[in-house]
Amino acid sequence: MVFKSWRPGTDCCHWEGIRCDNADDRVTSLDLGEQSLESGGLNHAIFDLTSLQYLNLAYNHFNGSQLPSVGFEHLVNLTHLNLSTSSFAGQVPTSISRLTSLVSLDLSTHFEIFDTPDNGFGYTIYTDTSASLIEPNLEGLVANLSNLRDLRLAWVDLSHNGPQWCDALAKFSPMLQVLSLPFCGLSGPICGSLSILNLLSIIDLPLNDLSGPVPESFTNFSNLRVLILRHIGSVWLWLFRTNTLASVELNTTTNNNNLNGIVNLTFFRKFPNLRLLDLSMNNLVVVDGEDNFTLPSLPKLLQLSLSDCNMSVFPNFLRHQNEIKWVDLSRNKIQGAIPQWAWQTWDDLYVLDLSENNFNSIGYNPLLPLAVERFDLHDNMFEGPIPIPQGSAIWLDYSVNIFSSVPSNFCSQLSDVNLFRASQDNLSGKIDSSFCGTSIQLLDLSCNYLNGSVPSCLMEKANGMQLLNLRKNQLHGGLPDNMNERCTLEALDFSGNWIEGQLPRSLAACKNLEVLDVGNNDISDSFPCWMSTLHRLEVLVLKSNKFFGHVAQSLGKEKSTCSFPSAIILDLSSNNFSGLLPQDQWFKDLKSMMFIDSNMPLVIDHELAQFRQTYKYTATVTYKGHDTRFAEILRTLVFIDFSNNAFHGSIPETIWELSLIHGINMSHNFLSGTISSQIGDLNQLEALDLSSNELSGVIPQELASLDFLATLDLSNNKLEGAIPESTHFSTFPNSSFVGNTGLCGPPLSKECINKTDSNVVPYPMKNKYPDIMLFLFTGIGFGVGFSIAIVVAWGIPIRKQSKEGCPHNYV
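Conventions adopted
Residues numbered from 1 in each chain as written. Predicted model: local features only at pLDDT ≥ 70, side-chain atom pairs only at ≥ 80, totals over all residues. Heavy atoms only, no water. Helix = DSSP H or I, 4+ residues; strand = E, 2+ residues; numbered from the N terminus. Buried < 20%, exposed > 50% of the residue type's maximum accessible area, 1.4 Å probe, protein only. Phe/Tyr/Trp six-rings, centres within 6.5 Å; stacked < 30°, edge-to-face > 60°. Lys NZ or Arg CZ within 6 Å of the ring centre and 35° of its normal. Salt bridge = Lys/Arg side-chain N within 4 Å of Asp/Glu carboxyl O. Pairing = 2+ DSSP bridges. Core = buried A, V, L, I, M, F, W, Y, C linked by side-chain atoms within 4.5 Å. Contact = heavy atoms within 4.5 Å. Disulfide = S-S within 2.5 Å. pLDDT = per-residue confidence, 0-100.

Visitor: Which residues make up unusual backbone geometry, and what are the values?
Guide: Following proline 746, the chain continues to proline 747 via a peptide bond in cis, the omega torsion being 10 degrees. Within the secondary structure, proline 747 is located in the loop between β56 (742–744) and β57 (776–778). Positive phi is not limited to glycine here, since serine 87 has a value of about 60 degrees. Position of serine 87 among the secondary structure elements: in the loop between β4 (80–82) and β5 (90–91). On the basis of relative accessibility, which here comes to 3%, the residue serine 87 falls in the buried class. Non-glycine residue arginine 331 carries a positive phi angle of around 60 degrees. For arginine 331, the location among the structural elements is in the loop between β21 (326–328) and β22 (335–337). Relative accessible area serves as the criterion here: at 17%, arginine 331 is assigned to the buried category.

Here it is as structure tokens:
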């Protein structure tokens, strides 16, 4: 064993993790929890310790092995069995059901749930996701466990038990005090018989497929202190007739938000022990009630979450909550000013989220007396200077408001800030140099009216910064070329400004850079082959500038110095590039456009671990003639745009080897030659634009077999022959082929002469996919339906008027 104290010839009763009976020195306790043990299975020698009363092997790694089918029945004195979060798999052994002395049984897997900004949820699991236990007969497991007080089976598959699961517990486990069955696949209603277990103090049943109302007999739970019913069906508020509750979570962000009706906050005077109340994201209307609260009659809450509860006024209920640490009133309809008493009452707040309301005033001076770590005011109507809390703020979000300025010398209050976001506001003037040298990891000042140049110190002192987003402002001048060699930047976005000059060569020091977007500026430079040293660069957008010359041509012996193996999005459109397209080897080196790295996360983002949320990196590319803003970038989106330049010559054959590519735009150049039949190998292709070139020959029939192709433009070339016929090709309009005098056949009006069957492609077509590049992916190995979509800017409904091209990118 791994313990130094476990030495042969010594008294095992003094070994670490072992306790013995004082009378006969027989081992009664074996505690090896959280010892980083790794094994291919449970050692049968444990079952020889027949005097064991306590066995703990939690938080180790048994590599998905099955528990022994026999052996547990020998541990007849066992009262506590804890095998949680240890990567066991397979069916729960029936021999455990013979441990009649069991008081506590924990076969759970530890995971944490967190809400996401899109009204969904995510979770972090602390073991191998492929290892899980199954118990198809819960009644058989508990039939002999009449002494059981604590049952924890999180993540154990109970889905085959149907609605009888609670009848089994009520019948055979009358002493239960803790019932924890989250993520167990439970279904059906919560049966009234469960109310027989009147000793229950904790009921934890989130993330199941329960429906219902909760039976009214649940009011018999006189000892109930914690109730968690998140992400299930309907419940009824008369459940709170017991006055012992200390924690209530009825948050449903899915699986039917049927918790409805009017909730009067005066109601909670009945629960003096209440410390946590979460009623978020249901169909409730929460009202403040009468204004005669008295201090002794109110519970002292530590956390209040009333997100999306149709509230129209700031709850006066909070006036007396001077111990509260977490207040979430987001996604309501609260208007006017934040009451002044709020700033004077809450002196120990951890989180204050007032986002997505209709507030228009802070109700206090910009330097707040409040010390808070997460301060979120995004998507309101606040005006004037940005308010800055004192103390150790970590997350500050002021986006989508009408804030006009940042208080001078505010940096003294921002010593610990990781995220500072003030996008889509009304900020003007120069970027304050106070941002330089702070601990900010993500600085987003996009979509404002900031002018002047990018402060030199902002680039030079960005030693801990991961993202700098200054998109859509009025910045001009050149970019500072003094990037610190300790640069930690992962994403830079200067697009949509008036920036001139060259790309700063000191960017080569930013070895972690994944996203660079300088589109829509006045930058005049050659193609940045020197960036090939940035081996993590995945998105490079140079569109709509004054870049000139060849792209990776005439490199001679140094042909590998211009490769971008990690690139998935390359947008060079609307510049002054000329000459031949890059050589064959250049396209061969685009490895990430050919092979998926399964070890990489699906979305390019940055995680803010303190709040279990992420900032999603974005990019704007040209698609179908539009500037299209991707609100998040999936690594499965592969896109090349070389349009609106002066390239000539043929299309390199190796471009058809980019098997993962979704979009190709080579339009408005001087390309000649034919379209290779190898294009039929691009079975992920959704958009192809080769219009306004000098391409000749026939349209390859293989092109008509690409099931996902939703946008096609071959117009204004020198193509000839019959347009391939297929169910799929018949959906493309006339405009996809006009301007090719030699083409014939539908949808053109020109008929073909001597038409043969070889023009018909017999491939049956699958579902037609929309041409706004909306991709839906199902995650593998997550255990539940999990999807992420790419959303384009002009397809997002926005709550209020915002700048064009500046959708709010919720984190």
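Visitor: Can you explain the packing of aromatic side chains? Please cite residues and give values.
Guide: Think of a pair of aromatic rings as described by two things: how far the centres are apart, and how the planes are tilted against each other in angle. All told, the structure shown has 27 aromatic pairs when counted by the stated rule. Here phenylalanine 420 and phenylalanine 435 contribute two aromatic rings whose centre-to-centre distance is 5.1 Å and whose plane-to-plane angle is 75 degrees, an arrangement assigned as edge-to-face. Here the residue phenylalanine 420 occupies a position in strand β31 (residues 419–421), and phenylalanine 435 occupies one in the loop between β32 (428–430) and β33 (442–444), the gap between them amounting to 15 residues. Of the residues examined, phenylalanine 420 reaches a relative accessible area of 0% and is grouped as buried. Here the aromatic cluster, defined as three or more aromatic residues joined through ring pairs, consists of Phe314, Trp341, Trp343, Trp346, Phe359, Phe375, Phe382, Tyr398, Phe403, Phe420 and Phe435. Note that arginine 374 overlies the ring of tryptophan 395, its terminal NZ or CZ placed 4.4 Å from the centroid.

Visitor: Explain the pattern of salt bridges to me, using residue names and the numbers behind them.
Guide: Counted by the stated rule, this structure contains 10 salt bridges. One salt bridge in this structure joins lysine 325 and aspartate 348, with 2.5 Å as the shortest N-O distance. Here lysine 325, found in the loop between β20 (303–305) and β21, pairs with aspartate 348, found in the loop between α3 (340–345) and β23 (351–353); they are 23 residues apart in sequence, far enough to count as distant. For lysine 325, a relative accessible area of 35% corresponds to the partly exposed category. Among the ionic pairs, glutamate 514 bridges to arginine 536, the shortest N-O distance being 2.9 Å. With glutamate 514 in the loop between β38 (498–500) and β39 (515–517) and arginine 536 in the loop between β39 and β40 (539–541), the pair connects residues that are 22 residues apart, well separated along the chain. Judged by its relative accessible area of 5%, glutamate 514 falls in the buried class.

Visitor: A description of the pairing of strand β44 (residues 605–608) should follow, citing residues and the corresponding values.
Guide: Only one face of β44 is buried, namely the one carrying His606 and Leu608, since none of Asp605 and Glu607 on the opposite face is buried. In the sheet, β44 pairs with strand β45 (residues 613–616) via four bridges, with the strands oriented antiparallel. By the bridge assignment for β45, glutamate 607 is matched with threonine 614.

Visitor: Could you give an account of the nonpolar core, with specific residues and numbers?
Guide: Residues Phe420 and Trp586 are the most contacted members of the largest nonpolar core, which totals 155 residues. Setting aside residues no more than four positions away along its own chain, phenylalanine 420 makes contact with Ile388, Leu396, Tyr398, Leu414, Phe435, Ile440, Leu442, Leu443, Asp444 and Leu445. Formed by 60 residues, the second largest nonpolar core is a distinct cluster that contains Phe62, Leu105, Leu153 and Leu210.

Visitor: Lay out the state of the cysteines in plain terms, naming residues and giving numbers.
Guide: Tallying each qualifying case throughout the model produces five disulfides. Disulfide pairing is shown between cysteine 13 and cysteine 20; the S-S distance is 2.1 Å. The sign of the -100 degrees torsion about the S-S bond sets the cysteine 13-cysteine 20 disulfide as left-handed. Each member of the pair, cysteine 13 as well as cysteine 20, carries the same accessibility label: buried. Here cysteine 744 connects covalently by a disulfide to cysteine 752, the sulfurs 2.0 Å from one another. Classification of the bridge connecting cysteine 744 and cysteine 752 rests on its S-S torsion, roughly 105 degrees, and on that basis the disulfide is right-handed.

Visitor: Describe the confidence of the model for the protein, naming the residues involved and giving the relevant values.
Guide: With 82% of its residues at a pLDDT of 70 or more, the protein has an overall mean of 82. Of all the helices and strands in the protein, strand β58 (residues 787–789) carries the lowest mean pLDDT, 26, while β38 carries the highest, 97. For the stretch residues 231–241, pLDDT sits under 50, and the model shows 55 contacts to residues farther than four places along the chain or on other chains. Of the regions scoring below 50 in pLDDT, residues 757–803 engages in 103 contacts with residues more than four places distant in sequence or in other chains.

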